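Here's the letter readout for the chains.
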Amino acid sequence: MPLVSTRQLLDEAAKGGYGVGAFNVNDMEQIQAIMEAAKETNSPVIIQASRGARQFAQDNYLYHLMLAAAELYPQIPLAMHLDHGNSFETCESAIKLGFTSVMMDGSLKPDGKTPATFEENVEVTRKVVDYAHERGISVEGEIGVLGGIEDGHGAGGSGLDHVTDPDQAVEFAELTGVDSLAIAIGTSHGAYKFTKKPDGSVLKMDLLLAIHKRLPNTHLVMHGSSSVPKDLQDIINQYGGKLKETWGVPVEEIQLGIKNGVRKINVDTDNRLAITGAIRKVLWESPEKFDPRDYMKPARAAMQKVVAQRMVQFGQAGHAGDYTAISIPDMAKGYADGTLITKPLVAAK
Ligand code: G3H
Ligand code: 13P
Ligand code: ZN
């Protein structure tokens, strides 16, 4: 299957009542792990690259690896998504390269750190939407700001500092015409999200439900959604690592989100933990080894296991064969003639 639009994947997920994991990648082995997990579980999937990933891998390598994945797994609907675009120019360059969807994270200023005003966010997101839709590319916006910092990106602080206001979410969706909307409900990027198993005081699922009630047809996106499982933390620490005790987002809370409009779930940290644990184990147990394949193979297998597990838990497993790809030019026609609705349905308060 050619690379497909994230919008199509999310529309199909809404019809089927499931969520789609969006997994971050930086290199070939991570792409291989995700595609093998998708094949194993027969899942549609979103692979996403951050600005940091684009810099690390270089755009051309990333793009051609993604093309290889689409070619090698023709049965898997696969979208290539830009994660946390910080400006119009970043989104434009991703679209020119061949990404099939972009996130314009206008919740922060272009420095990727300072919270932006509502007006600034609307202005830049609207500009990206106009440019992207004309080319058949779908757009994710963000309203509210996540906690934590990853690779220099993020406002820092707690996930509760700038949670999403439901009225603003409605206004933002109406003014921008985004295809999907990332909301801030107390989660943070990275491993250190919560200091104990989160309850409603720190993980605001009630807020998510309130937003979904107002925007019943808008595809919601959960960022910072790694579960940071204890067994993955333990492997790292058992083999010389120094992770502090921490909690992520419990899978059952994500599943509650999926029942309430969440269609895209971003996971990066869990895979980082799985990879690092597997590499540490090999190098600790066999210090004489130096062939990278000796540790990259178990690392890739450990990531595949986590991704396959999430695909089953999010409900996307089994749905790869449900539909055929809409071409990107046909998506552009759909946006132009109004078949692809971007005006959100808004319910009364
Ligand atoms: O947004 C956070 C993702 O985990 C990507 O992280 O910017 O370090 O590549 P990164
Ligand atoms: P985690 O750090 O929880 O994996 O979140 C990843 C993410 O939201 C990428 O955009
Ligand atoms: Zn994110």
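Above this text is the structure in question.
Not measured: the values here are computed from a predicted model. (Residues numbered from 1 in each chain as written. Chains lettered and ligands numbered in written order. Predicted model: local features only at pLDDT ≥ 70, side-chain atom pairs only at ≥ 80, totals over all residues.)

*Asks:* Explain the nonpolar core here, please?
*Replies:* Grouped burial of nonpolar side chains is what soluble globular proteins tend to show. Ranked by internal contacts, the top residues of the largest apolar core, which has 96 residues, are Ile-34, Ile-47, Val-102 and Ile-183. At eight residues, the largest contribution of residues to this core is made by helix α12 (residues 292-314). Aside from chain neighbours lying at most four places away, what touches Ile-47 is Phe-23, Val-25, Ile-31, Ile-34, Met-66, Leu-78 and Met-80. (Core = buried A, V, L, I, M, F, W, Y, C linked by C-beta atoms within 7 Å. Buried ≥ 20, exposed ≤ 12 C-beta atoms within 10 Å, placed from the backbone. Helix = DSSP H or I, 4+ residues; strand = E, 2+ residues; numbered from the N terminus. Contact = placed C-beta atoms within 7 Å.)

*Asks:* Help me understand the environment of Gln-48, please; the structure alone is not making it clear to me.
*Replies:* Along the chain, Gln-48 falls in strand β2 (residues 45-49). Filtering out sequence-adjacent residues up to four positions away, Gln-48 remains in contact with Ala-22, Phe-23, Asn-24, His-81 and Asp-83.

*Asks:* What is the right way to read the site of ligand 2 from this model?
*Replies:* The immediate surroundings of ligand 2 are formed by 13 residues, with His-223, Ser-226, Asn-266, Asp-268 and Thr-269 found nearest. Of all elements in the fold, only β3 (78-85) and β8 (262-267) reach the threshold of two or more residues within the shell around ligand 2. (Near = placed C-beta within 6 Å.)

*Asks:* Even after reading the chapter, I still don't get helix α11 (residues 269-285), so can you show me in this structure?
*Replies:* Since the α-helix advances by 3.6 residues per turn, residues separated by three or four positions end up pointing in the same direction. Along its 17 residues, α11 runs 24 Å from first to last C-alpha, staying within 8% of the 24 Å computed at 1.5 Å per residue. Those residues of α11 that fall on the buried side of the exposure criterion are Thr-269, Asp-270, Asn-271, Arg-272, Leu-273, Ala-274, Ile-275, Gly-277 and Ala-278. Close packing links the buried residues of α11 with β1 (20-24), α2 (28-41), α9 (230-238), β8 and α12. (Expected span 1.5 Å × (residues − 1).)

*Asks:* What's the story with α12 in this structure? I'm lost.
*Replies:* Here α12 contains 23 residues, and its C-alpha end-to-end distance of 32 Å stays within 8% of the 33 Å for a straight helix at 1.5 Å per residue. By the burial criterion, the buried members of α12 are Ala-299, Arg-300, Ala-302, Met-303, Gln-304, Val-306, Val-307, Ala-308, Arg-310, Met-311 and Phe-314. Tucked inside the fold, the buried residues of α12 contact β1, α2, α10 (251-258), β8 and α11. Directly after α12, the chain includes Gly-315, whose backbone phi takes a positive value near 90 degrees.

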